[in-house]
Amino acid sequence: MKLVISGTEQFKSLIAAYHDSFMEKVLASIPKYSKLNNTIISVVETSNLEVIGKSKFTSNELLINHQLTRDNPKFLYEVYGHELAHFLSTLYFQKNIQHGSEWVKIMKVMGLPPRESAPISQEKMNQLGTLTVQCSCLFGGRKEKTRAALKVSPSCRVCNQEYVIV
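Criteria and thresholds
Residues numbered from 1 in each chain as written. Predicted model: local features only at pLDDT ≥ 70, side-chain atom pairs only at ≥ 80, totals over all residues. Heavy atoms only, no water. Helix = DSSP H or I, 4+ residues; strand = E, 2+ residues; numbered from the N terminus. Buried < 20%, exposed > 50% of the residue type's maximum accessible area, 1.4 Å probe, protein only. Contact = heavy atoms within 4.5 Å. Areas by Shrake-Rupley, 256 points an atom, 1.4 Å probe, with all protein chains shown as cover. Axes fitted to C-alpha atoms, helices over the stretch in contact; angles between N-to-C directions. Parallel < 35°, antiparallel > 145°, perpendicular 65-115°, else oblique. Left-handed = near helix turned anticlockwise from the far one by under 90°. Nonpolar A, V, L, I, M, F, W, Y, C, P; charged D, E, K, R; others polar. Phe/Tyr/Trp six-rings, centres within 6.5 Å; stacked < 30°, edge-to-face > 60°. Pairing = 2+ DSSP bridges. pLDDT = per-residue confidence, 0-100. Arc of directions from axis to C-beta.

Colleague: Please clarify how the overall build of the chain should be interpreted in this entry.
Modeller: Of the regular secondary structure elements, the chain holds 6 helices and 7 strands. Element order for the chain, N to C, with α for helix and β for strand: β-α-β-β-β-α-α-α-α-β-β-α-β. Burial status across the chain gives 41% buried among its 166 residues. In the chain, the share of contacts with a sequence separation of at least 24, taken over all contacts with a separation of at least 6, comes to 53%. Here the chain has roughly 9,100 Å² of accessible surface; of this, 52% comes from carbon and sulfur atoms.

Okay, structure coming up:
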């Protein structure tokens, strides 16, 4: 599989290493997945998620919430493996099978616990409610907004441009 990774340099290097390790284990134990070798996956470090990670099969993207994973490489390892297992099983079988037996098999081959949700503190989960946004005008600047406030007021009051999540 070919990777296109966007995010910080630390994120890029960790994901590349994790991916190689996971794919080596998967292909050694489940050779049928080698038919996906020419697939291109985009891995995106983002804060624009209400979850820890997300697999977007229609666009071949894996999204990882950096607000929750950037301070803990071990946690990022588990989250990336979890999402990669979803991605592999869904691409291979051409249907979303969530946490089914094939997903469990891939997780075990990767050496990860096949749990449906990641262990995360309530404090970290609360971070999902607040996003850092900025506007391109000089007056709007950078600010923290809750998701609820951003839904009500998604644009800068000064220039009326939509905020960009950073």
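Here the narrative resumes, following the displayed structure.
Colleague: Looking at this model, I keep getting lost on the packing of helix α1 (residues 9-29) against helix α3 (residues 73-93). Mind explaining?
Modeller: Axis angle and axis distance: for two packed helices, these are the angle between their axes and the distance between the axes, and together they describe the pair. Relative orientation of the contacting elements α1 and α3 amounts to 50°, with a least axis distance of 10 Å. By the criterion of interaxial angle, the relationship of α1 to α3 is oblique. Like other packed secondary-structure pairs, α1 and α3 cross with a definite hand, here right-handed. Residues Phe-11, Leu-14, Ile-15, Tyr-18, His-19, Ser-21, Phe-22, Met-23, Lys-25 and Val-26 of α1 form the contact with α3, whose participating residues are Pro-73, Leu-76, Tyr-77, Tyr-80, Gly-81, Leu-84 and Leu-88. Of the residues belonging to the contact of α1 with α3, the class tally is 13 nonpolar, 3 polar and 1 charged.

Colleague: Is there a simple way to explain the packing of aromatic side chains in this structure?
Modeller: Each aromatic ring pair is summarised here by two numbers: the centre-to-centre distance and the angle between the ring planes. If you walk through the whole model with that rule in mind, you get 4 aromatic pairs. Where Phe-22 meets Tyr-80, the ring centres are 6.2 Å apart and the plane angle is 25°; that geometry is what we call stacked. Note that Phe-22 is positioned in helix α1 and Tyr-80 in helix α3, a separation of 58 residues in sequence. The class of Phe-22 is buried, set by a relative accessible area of 0%.

Colleague: Mind showing me how you'd approach the sheet that holds strand β4 (residues 61-65) here?
Modeller: Strand pairing in a sheet takes place through backbone hydrogen bonds and is either antiparallel or parallel in direction. Pairing in this open sheet of 4 strands is mixed, and the strands run β1-β2-β4-β3 from one edge to the other. Each having just a single partner strand, β1 (2-6) and β3 (53-56) make up the two edges of the open sheet. Along the sheet, successive strands turn relative to each other by an average axial angle of 15°, direction set aside. Pairing of strand β2 (residues 40-46) with β4 involves 5 bridges; the strand directions are parallel. Within the sheet, the bridge partner assigned to Val-43 lies in β4 and is Leu-62.

Colleague: Help me understand the side chain of His-66 in this model?
Modeller: In this structure, His-66 sits in helix α2 (residues 66-69). Judged by relative accessible area, which is 15%, His-66 ranks as buried. For His-66, the residues in contact, after removing those within four places along its chain, are Glu-45, Thr-46 and Ser-47.

Colleague: I'm lost on the confidence of the model for the chain in this one. Help?
Modeller: Any residue range with low pLDDT should be treated as having predicted coordinates unsuitable for detailed reading. With 84% of its residues at a pLDDT of at least 70, the chain reaches an overall mean of 82. No element of the chain has a lower mean pLDDT than helix α5 (residues 122-127), at 58, and none a higher one than α1, at 94.

Colleague: I keep staring at helix α4 (residues 101-110) and nothing clicks. Help me out?
Modeller: The periodicity of an α-helix, 3.6 residues per turn, causes residues three or four places apart in sequence to face the same way. Considered for burial, the residues of α4 that qualify are Glu-102, Trp-103, Ile-106, Met-107 and Met-110. Looking straight down α4, one finds its buried side chains confined to an arc of 140°; they lie on one side. Across α4 from its buried face, at more than 90 degrees, point the exposed residues Ser-101 and Lys-108. Against α1 and α3 lie the buried residues of α4. Just downstream of α4 lies Gly-111, where phi reads positive at about 85°.

Colleague: Please clarify how the pairing of β3 should be interpreted in this entry.
Modeller: Remark: a regular strand shows side chains that alternate across the two faces of the sheet. The alternating pattern of β3 places Gly-53 and Ser-55 on a buried face and Lys-54 and Lys-56 on a face that is not buried. What sits between β3 and β4 in their antiparallel hairpin is a turn of 4 residues, with Asn-60 showing a positive phi close to 55°.

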